[in-house]
Amino acid sequence: VQLQASGGGLVQAGGSLRLSCAASGRTLSYYDMGWFRQAPGKEREFVAGISRNGGGTYYADSVKGRFTISRDNAKNTVYLQMNSLKPEDTAVYYCAAGLVPGTIAGDRYNYWGQGTQVTVSS
């Protein structure tokens, strides 16, 4: 499956962005989906995940209550709605697809998108 992330950009602190991750090659409904991010000089970190049917979601503590992950399997797309953005949310955001349910470990995901830059100014 090929993943294409989009929707990043420059936003002021307190603003919002919605990231999209579109899949091709195979239906996303086979996979749990996750969003990860990597800031300059830092390791990649888990942001949010969603189960195959969308019934279960899980978040990093740093984004809980501000970010919402969702999916539309009919459109083969996963979303990350990001509200109340902070400068520390600045990073390249990646979507990933995996067969292991409920995992936050990046090495358990099988497919990765190319990343989209999110920059939050103070």
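A few points on the structure. Every value quoted in this text rests on a predicted model; they were computed, and no experiment measured them.

So, how was this worked out
- Residues numbered from 1 in each chain as written.
- Predicted model: local features only at pLDDT ≥ 70, side-chain atom pairs only at ≥ 80, totals over all residues.
- Heavy atoms only, no water.
- Salt bridge = Lys/Arg side-chain N within 4 Å of Asp/Glu carboxyl O.
- Helix = DSSP H or I, 4+ residues; strand = E, 2+ residues; numbered from the N terminus.
- Buried < 20%, exposed > 50% of the residue type's maximum accessible area, 1.4 Å probe, protein only.
- Pairing = 2+ DSSP bridges.
- Axes fitted to C-alpha atoms, helices over the stretch in contact; angles between N-to-C directions.

## Topic: the pattern of salt bridges
- All told, the structure shown has 5 salt bridges when counted by the stated rule.
- As a salt-bridge pair, Asp89 and Arg37 come within 2.9 Å of each other at their nearest N and O atoms. Of this pair, Asp89 sits in the loop between strand 8 (77-82) and strand 9 (91-98) while Arg37 sits in strand 4 (residues 32-38), and the two are 52 residues apart along the sequence.
- For Arg37, a relative accessible area of 5% puts it in the buried group.
- For Arg66, the salt bridge identified is with Asp89, shortest N-O distance 2.8 Å. Placement of the pair is Arg66 in the loop between strand 6 (57-59) and strand 7 (67-72) and Asp89 in the loop between strand 8 and strand 9, with a sequence separation of 23 residues.
- Accessibility expressed as a relative area gives 0% for Asp89, which makes it buried.
- Salt bridges linked by common partners bring Arg37, Glu45, Arg66 and Asp89 together as one network.

## A word on the sheet that holds strand 3 (residues 17-24)
- As summarised here, the arrangement of the 4 strands in space is 1-3-8-7, forming an open sheet in which the pairing is antiparallel. Edge positions in the sheet fall to strand 1 (2-6) and strand 7, since each has one partner strand and no second. Across the sheet, the axes of successive neighbouring strands diverge by a mean angle of 15°, strand direction being ignored.

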